[in-house]
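Listed below are the residues making up each chain.
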Amino acid sequence: MPHASEGAIETRGLEPVPEDERTGHVRQLFPTWVAANISVLLLTMGAGLIVFNGLNFWQVLTVAVAAPVVSYGIVGLVSLAGKRGGSPGMALSRAVFGQRGNLFPGTLIWVARWGWETINAVTGAYAVLTVLDLVFGVKRNTPLIVITLLLFVACTFLVSGLGIGALRVCSTWSTYLFGAFSVLVLVYLVAHTDWSAVFDRPAGSTAMMVAGIGTVAAGGISWVPSGPDFTRYLPRSASGRAMVGSTVGGAGIVVLPMVLMGAVMAVGTPDLAKAQDPVSFIGELLPAWISVPYLLIALVGMLLINSMSLYSAGFTAQTLGIKVPRAWAVSVNAVISLVLGFLLMVVATSFIGSFISFLTLLAVAFSAWIGVFGVDMLRRRTYDGAALMDTTRTSAYWYRGGFAWSAMAAWGTALVVGLLFTRVDWFSGPFAGTWAGENGLGWVITTVVAAALYAVLPRERTTAPAATPAEEEKLSV
């Protein structure tokens, strides 16, 4: 039976979860990462692979398989830190960057979450508007946009504020419902698609296929720092291989069919990927008896995605020194996503262009942290819980002036180098025209540079107690 801290309303914040409260099970990760990917945006991304990248069906299949394996494989590996330290990812990051140094990647990741939460809130609001139009014939207008966006963000705040227990319950049920209706949509597409048109498409360039993998993988990359947030209630004895497998399997079982369905839809409806509204096309391509319940279930999925993001964002805000309970810290990002969502729905002229540009920059921003944190995980098996929570000079993770300078140097350098190879609608690095830039590998370069630099730079000294041989064996993957 779960402890009160992970029950109806979770009260635990950044502090490590005690051993007697680690009642989670690895199998719970599967529906968690299914729920994290229940978004119709995957359909739009699949369509983009056809329309923008010019790929054929088999290349899209390659992208749809490779992207979740790469991105959620990294999520699963970094999640191992959660069972080792029992704290959220950005709290554990203090051991890597120092108590003050962690504020820099923490702030960037927190700000990046604003964009992700905004994209999801806007997509959820569009889903509500589409259902209102299909069922009641109610056309969208500015007041209705504001109301639907406000309702979506409010529901997100409610679920994320309840904590991990509520997220687990909602994730499990949404997995069953979304899976059932996705099968129904697949059956309909199989029966009504011109498959000769789908399979007769010529192949696109390898560069566009590699870039497509990066675009689809960016969504998973954004979850990497949050991975430990959902594994900190697992016992230290939990299987690392099973954790990674459940993470990749949960994400892949959604990403693969959704991206393929979007690609199949785009063959007959090329304008799908260019639409300002990323949701209403579902009502145009599917009969109402399928599209309405499917959109409602997808709406629940997008609500869960944003709730999970806000759940982790609350921890990130606390690591930045915002002295409020986690549930209140969540409200900061909720308000920000509401304001930015309004601007995207009412003011912006291109949703999909903004979305792809955001994903590209998001991957670079998170990859610098991933490279440094990943190398540190290879060196570290334990975390000093007291030192993580001690933000003063007495902390074992204070290092020099509160900074782990080797980690900071690797992180900052990698971030700059990655941007040099990155191109989006409104920004282009000087090396974006190179082979790596054309293949959308800016985020890969960022990860490699961060990891390589941190691996060769001198390691910061810490006064944290060393693990005993028995503990090393117990905490190994």
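What you are looking at is a predicted structure, and each value in this text was computed from that prediction instead of being measured.

Engineer: It is not clear to me how the overall build of the chain should be interpreted in this structure. Could you clarify?
Structural biologist: Counting secondary structure elements, the chain contains 20 helices and two strands. Working note: accessible area of the chain is about 18,200 Å², and carbon and sulfur atoms make up 70% of it.

Engineer: Explanation requested: the environment of valine 444 in the structure shown.
Structural biologist: Looking at where valine 444 falls in the secondary structure, it is placed in helix α19 (residues 442–456). Exposure remark for valine 444: the relative accessible area of 30% places this residue in the partly exposed category. Separated by 81 residues in sequence, valine 444 and alanine 363 place their C-alpha atoms 8.8 Å apart.

Engineer: What is the right way to read empty space enclosed by the protein from this model?
Structural biologist: Any space left empty among the atoms is revealed by the rolling of a water-sized probe across them. On inspection of all chains with the given rule, the structure shows three cavities of 30 Å³ or more. In this structure, the largest cavity encloses a volume near 180 Å³. Asn37, Leu42, Tyr72, Trp116 and Gly219 are, among the 19 residues lining the largest cavity, the residues nearest its centre. For the lining of the largest cavity, the secondary structure elements donating two or more residues are α2 (41–51), α3 (57–85), α10 (206–221) and α15 (351–379). With four residues, the single largest contributor to the lining of the largest cavity is α3. Tallied by class, residues from the lining of the largest cavity come to 14 nonpolar, five polar and no charged.

Engineer: Quick question: what am I supposed to make of the packing of α15 against α19 here?
Structural biologist: The packing of two helices is summarised by the inter-axis angle and the distance between the axes. As a packed pair, α15 and α19 sit with axes 8 Å apart at the nearest point and diverge in direction by 35°. Two packed elements cross with a definite hand, and for α15 against α19 that hand is right-handed. Between α15, through Ala363, Val364, Ser367, Ala368, Ile370, Gly371, Val372, Val375, Asp376 and Arg379, and α19, the contact on the second element is made entirely by Gly442, Trp443, Thr446, Thr447, Ala450, Ala451, Tyr454 and Ala455. When the residues that make up the contact of α15 with α19 are grouped by side-chain class, the tally is eleven nonpolar, five polar and two charged.

Engineer: Teacher, can you tell me more about the layout of surface pockets here?
Structural biologist: In this structure, the largest pocket encloses a volume near 720 Å³. Those elements giving two or more residues to the lining of the largest pocket turn out to be α2, α10, α15, β1 (423–424), α18 (435–438) and α19. For the lining of the largest pocket, the element with the most residues is α15, which contributes eight residues. Split into classes, the residues belonging to the lining of the largest pocket amount to 14 nonpolar, 13 polar and three charged.

Reading the values: the criteria
- Residues numbered from 1 in each chain as written.
- Predicted model: local features only at pLDDT ≥ 70, side-chain atom pairs only at ≥ 80, totals over all residues.
- Heavy atoms only, no water.
- Helix = DSSP H or I, 4+ residues; strand = E, 2+ residues; numbered from the N terminus.
- Areas by Shrake-Rupley, 256 points an atom, 1.4 Å probe, with all protein chains shown as cover.
- Buried < 20%, exposed > 50% of the residue type's maximum accessible area, 1.4 Å probe, protein only.
- 1 Å grid on protein atoms, 1.4 Å probe; cavity = no way out; pocket = protein on both sides within 12 Å on 5 of 7 lines; lining within 4 Å.
- Points joined across faces, edges and corners; volume = space filled by probe spheres on them.
- Nonpolar A, V, L, I, M, F, W, Y, C, P; charged D, E, K, R; others polar.
- Axes fitted to C-alpha atoms, helices over the stretch in contact; angles between N-to-C directions.
- Left-handed = near helix turned anticlockwise from the far one by under 90°.
- Contact = heavy atoms within 4.5 Å.

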